[in-house]
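Observations on chain architecture
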Amino acid sequence: MKREVEVAIIGAGSAGLYALSQVKKKTDNFLLINEGHYGTTCARVGCMPSKSLIRIAEYYHDRLNFEQSGILHSEVLEISIPKVLQRVRQHRDLLVKHNIAQSITSLGEKSLTGKATFLDSHTLQVGKDEIHAEKIIIATGSTPVLNPAWERFKDAILTTDTLFEQKDLPQSIGVLGLGVIGLELGQALSRLGIHITAVHSKPFIGGLSDPVINKVMIELCQKEFDIWLGEGHAELEKVGDKIQITQGTRTVLVDKVLVSIGRKPNLKGLHLEKLGLTLDKRGMPNFDPQTMQIEDLPIYLTGDVNADRPLLHEAADEGRIAGYNTVNAKRKFKRKVPLAIVFTDPNIAFIGKRYEEIHNDSTILTAKYDFSKQSRAMIMNINKGMAHLYIKKETGRIVGAQMAVPQGEHLAHHLAWAIEQGLSVYDMLTLPFYHPTLEEGLYALLMNAIKKLKIQKEGLLEISYK
């Protein structure tokens, strides 16, 4: 059957659904095409089930501080991994159900299940249907990277797509890759009592690039689970009923391996080569991150599939941009200040310019604060970690930060908002800081910046600088 629509959206994840929200404002002549499970990656296998697991692990880990706080007999507490996983799935299913009910199931014939492939820049093939669209949005997401050689022992390989479906977990798990996802889940699984050996081919973990923050985070994590770093890629081999992980001269036997070595854009099978595009080695076309348009075609690439900023809030923004531009006069949109958070303990956060962008810039200095000395954190038994703030020397304007600090997700937002508004450290010090709060750690960080800047300001605030 042939159909003609104004806009076709391929993918019903976050980017696709936010694109749809803009398209629906202008036209009801659209089609949402989705292959496989409905529900966003975030709700099904990503940020939401992982945060549920992390929170439960934090509850259980807190028992280690009970005795020093006067709470006795914590040694009799037990963890039921099957019940933990059941609870995680309950959270997941509720969120997916809400996601689908609110966004997809009401679409009727405006939603089509199947795999879309390009015939030309205006035409898609979906099963027996041929869809002609004036504009097309690609929002097909990403999938975990796996080595085909592991297929022969696939039952021992876990990814975020399969971890939360397990009825139980074994006593030992190897974590391959300590990027954001691997570090979050490795720490959480360790706190649930599973012996974790984490293997990473690079010297930096959790997406960090600031060497001081990275060193602090590695030292903290090594107190909880085994970490192998920087000796190249690991090799996996089946040995009896175990999997042997080898990296350099080190080997370990584990029951299963959680593979977290990255995600690849879901572009294969779309037949983008039929569009006359120049594709890079990943099969990725050139696109404008301010319009989301692929070259000069009526096609837009948005969300995790473009591998630019693979985060839900960025996918939402990109979806809105792509959706807007398909049904309005095309605009270039200013992107928000980069903000990324890793939900480890302590939280890792990246705000604004990253270390690799500023470390050789003589116009920028770094302020620091050690959260092991922060008073509210001490009371909460979470006093650990370090924050770095990157500041323009001439003006005191904040340009970026990297941190690994307790509840850093909240401090990261304050700094992202400050950078978005072009605030300096002086501007931020005009704002109130309540005592005792973790936010006072941000105040101390700003004060360290003032000392390094050595710029005198007139008025009442000068009292605070001395």
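You'll find the structure just up there.
Below, the structure is looked at part by part. (Residues numbered from 1 in each chain as written. Predicted model: local features only at pLDDT ≥ 70, side-chain atom pairs only at ≥ 80, totals over all residues. Heavy atoms only, no water.)

Here the focus is the sheet that holds strand 15 (residues 256–259). Strands belonging to one sheet form pairs held by backbone hydrogen bonds; the direction of such a pair is parallel or antiparallel. The 5 strands lie next to each other as 8-15-9-10-11, forming an open sheet whose pairing is parallel. The sheet terminates laterally at strand 8 (157–158) and strand 11 (226–229), the two strands that pair on one side only. Here strand 10 (residues 195–200) pairs with strand 11 via 4 bridges, running parallel. Opposite Val 199, over in strand 11, you have Trp 228 as the bridge partner. (Pairing = 2+ DSSP bridges. Helix = DSSP H or I, 4+ residues; strand = E, 2+ residues; numbered from the N terminus.)

Before going further, it helps to spend a moment on the pattern of salt bridges. As enumerated under the stated definition, the model contains 20 salt bridges in all. A salt bridge links Arg 191 to Asp 345, with the nearest nitrogen and oxygen atoms 2.8 Å apart. Of this pair, Arg 191 sits in helix 6 (residues 180–191) while Asp 345 is found in the loop between strand 18 (339–342) and strand 19 (347–352), placing the two residues 154 residues apart along the sequence. Judged by relative accessible area, which is 6%, Arg 191 ranks as buried. By relative accessible area, Asp 345 is classed as buried at 16%. For Arg 320, the salt bridge is made with Asp 317, and the minimal N-O distance between the two is 3.0 Å. Residue Arg 320 and its partner Asp 317 are located together in helix 8 (residues 312–327), separated by 3 residues, close to a single helical turn. A relative accessible area of 10% places Asp 317 in the buried class. Through salt bridges with shared partners, a single network forms among Arg 191, Glu 224, Asp 345 and Lys 384. (Salt bridge = Lys/Arg side-chain N within 4 Å of Asp/Glu carboxyl O. Buried < 20%, exposed > 50% of the residue type's maximum accessible area, 1.4 Å probe, protein only.)

This part covers the packing of helix 1 (residues 14–23) against helix 8. Put simply, helix 1 and helix 8 touch, their axes get as near as 7 Å, and they point 35° apart. In this structure, the crossing between helix 1 and helix 8 has a hand that is right-handed. Where helix 1 abuts helix 8, its residues Ser 14, Ala 15, Tyr 18, Ala 19, Gln 22 and Val 23 lie against Leu 312, Ala 315, Ala 316, Gly 319, Arg 320, Gly 323, Tyr 324, Thr 326 and Val 327. Residues that form the contact of helix 1 with helix 8 fall into these classes: 9 nonpolar, 5 polar and 1 charged. (Axes fitted to C-alpha atoms, helices over the stretch in contact; angles between N-to-C directions. Left-handed = near helix turned anticlockwise from the far one by under 90°. Contact = heavy atoms within 4.5 Å. Nonpolar A, V, L, I, M, F, W, Y, C, P; charged D, E, K, R; others polar.)

It is worth spelling out the packing of aromatic side chains at this point. Think of a pair of aromatic rings as described by two things: how far the centres are apart, and how the planes are tilted against each other in angle. What the rule picks out here adds up to 3 aromatic pairs. Judged by centre distance (5.2 Å) and plane angle (75°), the rings of Tyr 369 and Phe 371 are edge-to-face. Positioned above the aromatic ring of Phe 30, the side-chain terminus of Lys 110 is 5.4 Å from the ring centre. (Phe/Tyr/Trp six-rings, centres within 6.5 Å; stacked < 30°, edge-to-face > 60°. Lys NZ or Arg CZ within 6 Å of the ring centre and 35° of its normal.)

Moving on to helix 11 (residues 408–420). Taking 1.5 Å of rise per residue, the 13 residues of helix 11 would be expected to cover 18 Å, and the 18 Å separating its terminal C-alpha atoms lies within 8% of that figure. Buried residues of helix 11: Gly 408, Leu 411, Ala 412, Leu 415, Ala 416, Ala 418 and Ile 419, and no others. Summarising the axial view, the buried residues of helix 11 lie within an arc of 160°, below the 170-degree limit, and thus occupy one face. The secondary structure elements touched by the buried residues of helix 11 are strand 18, strand 19, strand 21 (386–392), strand 22 (398–405), helix 12 (425–428) and helix 13 (439–453). A positive phi of about 70° marks Gly 422, the residue just after helix 11. (Expected span 1.5 Å × (residues − 1). Arc of directions from axis to C-beta.)

Attention now goes to unusual backbone geometry. Across residues other than glycine, the phi torsion is negative in most instances, and most of the peptide bonds are trans. The omega torsion across Asp 345 and Pro 346 is 0°, close enough to zero to call that bond cis. Within the element layout of this structure, Pro 346 appears in the loop between strand 18 and strand 19. In this model, His 435 is joined to Pro 436 through a cis peptide bond whose omega is -5°. Its place among the elements puts Pro 436 in the loop between helix 12 and helix 13. Backbone geometry places Met 292, a non-glycine residue, at a positive phi of 75°.

On to the nonpolar core, then. With 44 residues, the main nonpolar core has Phe 118 and Ile 138 as its most contacted residues. Listed by contribution, the elements that provide at least two residues to this core are strand 1 (2–10), helix 1, strand 2 (30–34), strand 4 (116–120), strand 5 (123–126), strand 6 (129–138), strand 17 (299–301) and helix 8. Ile 138 has contacts with Ile 10, Phe 118, Leu 270, Leu 272, Ile 294, Ile 299, Tyr 300, Leu 301, Thr 302 and Val 305, leaving out every residue within four places of it along the chain. (Core = buried A, V, L, I, M, F, W, Y, C linked by side-chain atoms within 4.5 Å.)

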